[in-house]
Amino acid sequence: MKKKRLKIHYPVAVAIAAVLLSLLLAYGTNFSDPVSVLFKNLYPQVIIGSGQISVAYWDQAHIIAQRLDTNASAQKVSDQLVKVKEESLLLDSLKVSYSSPNQNDELNFYKTGKEQQYKNLLEKDFNSNENLFTQFVVKPEVYDALLRMKYNSDFTANADAYAKAASILTQIKNGQSFDQLAKTESDDKVTGQLGGDLGFVSRGQLLPELEKAVMNASLGQVDPNIVVSRLGYHIIYPVESADINGVKNWHVKHIFVETKGFDNWLNPKLKGFWVWHIK
C-alpha cells in the first residue's frame, strides 16, 4: 500500500530526469550501456522526504532479497527499503551521531567467530562483494541500533527500566553480591543463572556499543555507570583481561535490564515523512 502521495513539485529534479530520459530513449533500452546505468543510478524509484531511492538501488535490493529468501514478497522488500530510508532521515533530523556503532564495528560483529559462514554467504548471495553486504545488511542494522540507543537514552521514556537498573547498581555499590543480583534481577536469564558471566570475549564478539564500554572500563571493578545499548541497560563488570592464543580477551560479567516501547516511539516519527512511489 502506498503512503501519502507527495504534493511538492521538484522542478530541478524533473528537468534532470527529463534530460536523462531523453538520453535513455536515444540510446535505446539496453540497460547495460553507460547512459542507461547512469540513468538508473540517478533516477528515483521512490522519493521520501528530502531523500530518494534510486531505480538501481531498488532493483539490486530486490535481487538480493530473492537470493536470501525465495519467498520474500516484492511488497515486503519495498516496505523495508522505504523504512530504512526513513530511519536514515530520522537520524539526521534527530542529529544522532554515527560514532558507535559504526559500519566497520557492526560488520566485524557479523564476521567474528563465523568467518567461513560469512564468506559462503558473501559468495552465494552478494557476488563476493562486501560493499553490497554493507549497504543492504550492515547499514540498516546500524540505523536501527542508533535509533534504539537514542530511545533508550531517554530515561524518562524508559523510567521503569532505568529505575530498576539504577537500583541494582546502587545495591552493588552498597556491597550486595553482583553474582546474586544477576541471578535474581537480570533480564538475560541465560547468563543471569551464571552470575552474569559472559566468559572471555575478544573484539567483535560483543555488541559494538557494549564492547566500547567494556574497553573503556576499569578492570577488576563494576563500572559505576549504566551502559546504554540497543537492547536496554547494562551494568558491566570487566573482571580481568588475558592473552589467549596471542589475542587479547576480556572476562566480562553483566546484568541486563530490557527496555520496551521502541516501536511505539518510532512508528509515529516515521509517518511524518512523505513517500512518493514514482511507479
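Note that the coordinates shown come from a computational prediction; the quantities given were computed from them, not determined experimentally.

**Considerations on the sheet that holds strand β2 (residues 51-54)**
Paired through their backbone hydrogen bonds, the strands of a sheet run either parallel or antiparallel.
Stage number 1. The strand order across the open sheet formed by 3 strands is β2-β1-β7, and the pairing between neighbours is antiparallel. What marks the edges here is a single partner per strand, and that holds for β2 and β7 (275-277). Averaged over all neighbouring strand pairs, the angle between strand axes comes to 20°, with direction disregarded.
Stage number 2. The sheet contact formed by strand β1 (residues 44-48) and β2 spans 4 bridges and is antiparallel. By the bridge assignment, P44 is partnered in β2 with S54.
Stage number 3. Strand contacts of helix α3 (residues 55-68): β1, β2 and β7, with the helix running at about 60° to β2, the strand carrying the most contacts.
Stage number 4. The strands touched by helix α4 (residues 74-93) within the sheet are β1, β2 and β7, with β2 carrying the most contacts at an inclination of about 145°.

**Side note on the side chain of E106**
Stage number 1. Tracing the chain through its elements places E106 in helix α5 (residues 103-111).
Stage number 2. Those residues within four positions of E106 in sequence are excluded, and the remaining contacts are P101, V138, E141, V142, P208 and R230.

**Examining helix α9 (residues 178-185)**
Stage number 1. Of all the residues in α9, the buried ones are F178, L181 and A182. Along the axis of α9, the buried positions cluster into a sector of 105°, meaning they face one direction only.
Stage number 2. Along its buried surface, α9 packs onto α8 (159-173), α10 (189-192), β5 (232-244) and β6 (247-258).
Stage number 3. For α9, the capping residue at the N-terminal end is S177, with a side-chain oxygen 3.4 Å from the backbone nitrogen of D179.

**Section: the pattern of salt bridges**
Stage number 1. In total, this model carries 8 salt bridges according to the counting rule given.
Stage number 2. Among the ionic pairs, E130 bridges to K111, the shortest N-O distance being 3.4 Å. Of the two residues, E130 sits in helix α7 (residues 130-152) while K111 sits in helix α5, which places them 19 residues apart along the sequence.
Stage number 3. With relative accessibility at 25%, the residue K111 sits in the partly exposed group.
Stage number 4. Between K124 and D125 there is a salt bridge, and its shortest N-O distance comes to 3.3 Å.
Stage number 5. By relative accessible area, D125 is classed as buried at 4%.
Stage number 6. In this structure, a network of salt bridges that share partners links the residues E106, E209 and R230.

**Points about the packing of α3 against helix α6 (residues 115-125)**
Packed helix pairs are specified by the crossing angle of their axes together with the interaxial distance, meaning the distance between the axes.
Stage number 1. Their axes nearest at 10 Å, the elements α3 and α6 cross at an angle of 125°. Judged by the inter-axis angle, α3 sits oblique to α6. Helix-helix and strand crossings are classified by hand; for α3 and α6 the assignment is right-handed. On α6, the residues touching I64, R67 and L68 of α3 are L121, K124 and D125.
Stage number 2. Of the residues that constitute the contact of α3 with α6, the class distribution is 3 nonpolar, no polar and 3 charged.

**A few points about the confidence of the model for the protein chain**
In regions of low pLDDT, the predicted coordinates are not meant to be interpreted in detail.
Stage number 1. Looking at the protein chain as a whole, its pLDDT mean stands at 88, while 86% of the residues score no less than 70.
Stage number 2. Within the model, the stretch residues 1-12 combines pLDDT values under 50 with 18 contacts to residues more than four positions away or in other chains.

Criteria and thresholds
- Residues numbered from 1 in each chain as written.
- Predicted model: local features only at pLDDT ≥ 70, side-chain atom pairs only at ≥ 80, totals over all residues.
- Heavy atoms only, no water.
- Pairing = 2+ DSSP bridges.
- Helix = DSSP H or I, 4+ residues; strand = E, 2+ residues; numbered from the N terminus.
- Axes fitted to C-alpha atoms, helices over the stretch in contact; angles between N-to-C directions.
- Contact = heavy atoms within 4.5 Å.
- Buried < 20%, exposed > 50% of the residue type's maximum accessible area, 1.4 Å probe, protein only.
- Arc of directions from axis to C-beta.
- Polar contact = N/O pair within 3.5 Å; in protein donor to acceptor, adjacent residues only side chain to side chain.
- Salt bridge = Lys/Arg side-chain N within 4 Å of Asp/Glu carboxyl O.
- Parallel < 35°, antiparallel > 145°, perpendicular 65-115°, else oblique.
- Left-handed = near helix turned anticlockwise from the far one by under 90°.
- Nonpolar A, V, L, I, M, F, W, Y, C, P; charged D, E, K, R; others polar.
- pLDDT = per-residue confidence, 0-100.

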